[in-house]
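The chain contents come next:
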Amino acid sequence: MKKKLLSILLILAMVFCFAACGGNDEPAADEPAGDDQGTAVDFDAIDDNCESADGTYQIAMVTDVGQLKDGSFNQFTWNGCKAYASQNGKTYKYYQPANGSQATDEDRIKAMTDACEAGAEVLVTPGFLQETALAAVAPQYPEVQFIFVDGWDMGLDNLVGVNYQEEQAGYLAGYAAVMEGFTKLGFSGGGGGSNPACIRYGYGYAQGANDAAGEKGVTVEMRYSWEHGSSFSDSPELTAMLKGWYEAGTEVIFMCGGSMFNSGKDAAEAAEAALIGVDVDQSNLSEAVVTSAMKDLAGSVMLTLGKYYDGGALINGSMTLGAADDAVGIPTGTWSLENWTVEDYEALYAKVKSGEIAVDNDSSMADPSAAGLENITFVK
């Protein structure tokens, strides 16, 4: 009798938890479940934690550098975790390594270990900096599924890398900027020129600007820098550099590096100039944002969680998502472009999606001035 009563209480507790965490927040049938930009999923309405009756969690995420609500990479990866969990009756929790943007591998190892010890069936880890900690922790918990977002195949049976064709998103943003009429562009990137995703974004941006300039029969100017972005953080030094760019005539800057966006925002707003966001639609963060080069973080996380739970077995290897998967793009619903139409964008997107336009994805091309782009003049 006691066991039966305990079972009933546990069931009631779980039902209450799923109701509290928004378990019926279904996407509309004609919209992609994880589209960050305008689906029926109200991510903010879903609680940020949902604990089971015994204090364990089925789906966990360990954040990248910075805070959970960063308006970018961490936040939208987490949106995918909690949206999938709430729609499928799973419990969930996020973990932030100690020391924030200065977190060490040891801090990440501790957070991952804590999540696994708390019962995680799946652990989602966004950001390339997670590699060393994953190599240490994943083999210790072979029954846990690890999802390495912006990562790669690490040769582990219980880890799958999810990566993106950022060069395509960057291409679309650069093309749009020039077609809008900007002729003096900037790119400010994170990771010091060593982060493959940021390199692909920037190189794609330069290629798109070059092709659009060729179509218009003009030459555009571009400032391109990895300075002050090694930690993906805003700083007075970065803000000062970007203000100097605007004062020198730069009209729009693509900010590609997490919280570096804040320096770009301050500089653009002071100059009453334009900005391009990254990873997610950042138009809500500043009126200076004319568009954003995006990857569907929430949707791809939901897709990967579904592959694991629907298949009932560990998944490994890697998944590369791009225009062919509708996983990268720029947001037509919120952009403030006036001289380039949605129809023009859709026509270009179709060519990228089909492969008619092939964007070079060389993740070692940290200096596009060496790429022979004939319609761009790179300046200091």
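Everything quoted here is computed from the prediction, not taken from an experiment. (Residues numbered from 1 in each chain as written. Predicted model: local features only at pLDDT ≥ 70, side-chain atom pairs only at ≥ 80, totals over all residues. Heavy atoms only, no water.)

Student: Would you mind going over the packing of helix α5 (residues 166-180) against helix α6 (residues 196-216) with me for this structure?
Tutor: Each pair of packed helices can be described by the angle between their axes along with the distance between the axes. For the pair α5 and α6, the least separation of the axes is 6 Å and the interaxial angle reads 35°. Seen along the crossing, α5 lies across α6 with a hand that is right-handed. Class assignment for the residues of the contact of α5 with α6 results in 12 nonpolar, five polar and six charged. (Axes fitted to C-alpha atoms, helices over the stretch in contact; angles between N-to-C directions. Helix = DSSP H or I, 4+ residues; strand = E, 2+ residues; numbered from the N terminus. Left-handed = near helix turned anticlockwise from the far one by under 90°. Nonpolar A, V, L, I, M, F, W, Y, C, P; charged D, E, K, R; others polar.)

Student: Please explain the pairing of strand β8 (residues 252-256) as it appears in this structure.
Tutor: Looking along a regular strand, one sees side chains alternate from face to face of the sheet. Of all five residues in β8, five are buried, a share of seventy percent or more. Across the two faces of β8 the burial is the same, with Val252, Phe254 and Cys256 and Ile253 and Met255 all buried. As defined by bridge partners, strand β6 (residues 184-189) adjoins β8 across five bridges and the pair is classed as parallel. Bridge pairing in β8 links glycine 189 to cysteine 256. In terms of strand pairing, β8 meets strand β9 (residues 274-279) through three bridges, oriented parallel. By the bridge assignment, valine 252 is partnered in β9 with alanine 274. (Buried < 20%, exposed > 50% of the residue type's maximum accessible area, 1.4 Å probe, protein only. Pairing = 2+ DSSP bridges.)

Student: Looking at this model, I keep getting lost on the environment of isoleucine 59. Mind explaining?
Tutor: Its place among the elements puts isoleucine 59 in strand β1 (residues 59-62). As a C-alpha pair, isoleucine 59 and glutamine 145 span 86 residues in sequence and 9.6 Å in three-dimensional space. Here isoleucine 59 is in contact with Cys81, Tyr84, Ala85, Lys90, Thr91, Tyr92, Lys93, Val122, Leu305 and Tyr309, once residues within four sequence places are set aside. (Contact = heavy atoms within 4.5 Å.)

Student: Looking at this structure, I do not really get the nonpolar core. What am I missing?
Tutor: The tendency in soluble globular proteins is for nonpolar side chains to be buried side by side. Formed by 48 residues in total, the largest nonpolar core has its most connected members in Leu185, Val252, Phe254 and Trp340. Put simply, the parts of the chain that give this core at least two residues each are α5, β6, α6, β7 (220-225), β8, β9, β10 (289-295) and α10 (342-354). Per element, the largest residue contribution to this core is nine residues, and it comes from α5. Here valine 252 is in contact with Ala177, Phe182, Lys184, Leu185, Gly186, Tyr205, Tyr246, Ala274, Leu275, Ile276 and Val290, once residues within four sequence places are set aside. (Core = buried A, V, L, I, M, F, W, Y, C linked by side-chain atoms within 4.5 Å.)

Student: I would appreciate a short explanation of the sheet that holds β10 in the present structure.
Tutor: The strands making up a sheet associate through hydrogen bonds between their backbones, and the pairing can be parallel or antiparallel. The strand order β12-β10-β9-β8-β6-β7-β13 describes an open sheet built from seven strands, whose pairing is mixed. Strands at the two margins of the open sheet, each flanked by one partner only, are β12 (328-329) and β13 (376-379). Bridge analysis of β6 against β7 gives five bridges, and the strand direction is parallel. Residue pairing across strands places phenylalanine 187 opposite tyrosine 224, the latter belonging to β7.

Student: Is there a simple way to think about a negative patch on the surface in this case?
Tutor: A surface patch of like charges, here negative, comprises Asp211, Glu215, Glu343, Asp344 and Glu346. Of all elements in the fold, only α6 and α10 reach the threshold of two or more residues within the negative patch. Broken down by element, the negative patch gets its largest block of residues, three residues, from α10. By the element assignment, aspartate 211 lies in helix α6. Here aspartate 211 falls in the partly exposed class, since its relative accessible area comes to 36%. (Patch = residues over 30% accessible without salt bridge, like charges linked within 9 Å, V, L, I, M, F, W, Y side chains within 5 Å. Areas by Shrake-Rupley, 256 points an atom, 1.4 Å probe, with all protein chains shown as cover. Salt bridge = Lys/Arg side-chain N within 4 Å of Asp/Glu carboxyl O. Lys, Arg positive; Asp, Glu negative; His and termini not counted. Charge placed at Lys NZ, Arg CZ, Asp CG, Glu CD.)

Student: Mind showing me how you'd approach the packing of helix α7 (residues 236-247) against helix α8 (residues 260-271) here?
Tutor: As a packed pair, α7 and α8 sit with axes 8 Å apart at the nearest point and diverge in direction by 40°. Considering the relative orientation of α7 and α8, their crossing is right-handed. Residues Leu238, Thr239, Leu242, Lys243 and Tyr246 of α7 form the contact with α8, whose participating residues are Met260, Ser263, Gly264, Asp266, Ala267, Ala268, Ala270 and Ala271.

Student: Explain the state of the cysteines here, please?
Tutor: In protein structure, a disulfide is the covalent linkage between the sulfur atoms of two cysteines. If you walk through the whole model with that rule in mind, you get zero disulfides. For cysteine 198, which is in no disulfide, the shortest distance to another cysteine sulfur is to cysteine 256 and amounts to 3.9 Å. (Disulfide = S-S within 2.5 Å.)

Student: Would you mind showing me how to read the pairing of strand β2 (residues 92-95) here?
Tutor: Examined bridge by bridge, β1 and β2 share four bridges and lie parallel to one another. Bridging across to β2, methionine 61 finds its partner in tyrosine 94.

Student: Sorry if this is basic, but what is going on with α7 here?
Tutor: Because an α-helix packs 3.6 residues into every turn, residues spaced three or four apart end up facing the same way. In this model, α7 (12 residues) spans 16 Å end to end at C-alpha, consistent with the 16 Å of a helix rising 1.5 Å per residue. The complete set of buried residues in α7 reads Leu238, Thr239, Met241, Leu242, Trp245 and Tyr246. Relative to the axis of α7, the buried residues are bounded by an arc of 160° and lie together on one face. Exposed residues lying more than 90 degrees from the buried face of α7 are Pro236 and Glu247. (Expected span 1.5 Å × (residues − 1). Arc of directions from axis to C-beta.)

Student: Honestly, the side chain of aspartate 279 in this entry has me stumped. Any pointers?
Tutor: Position of aspartate 279 relative to the elements: it lies in strand β9. Looking at aspartate 279, its side chain comes within polar contact range of the side chain of tyrosine 201, at 2.8 Å. When near neighbours in sequence (up to four residues on either side) are disregarded, aspartate 279 contacts Ser72, Phe73, Tyr201, Ala293, Met294, Lys295 and Leu297. (Polar contact = N/O pair within 3.5 Å; in protein donor to acceptor, adjacent residues only side chain to side chain.)

So yeah, pure geometry; function would need other evidence.
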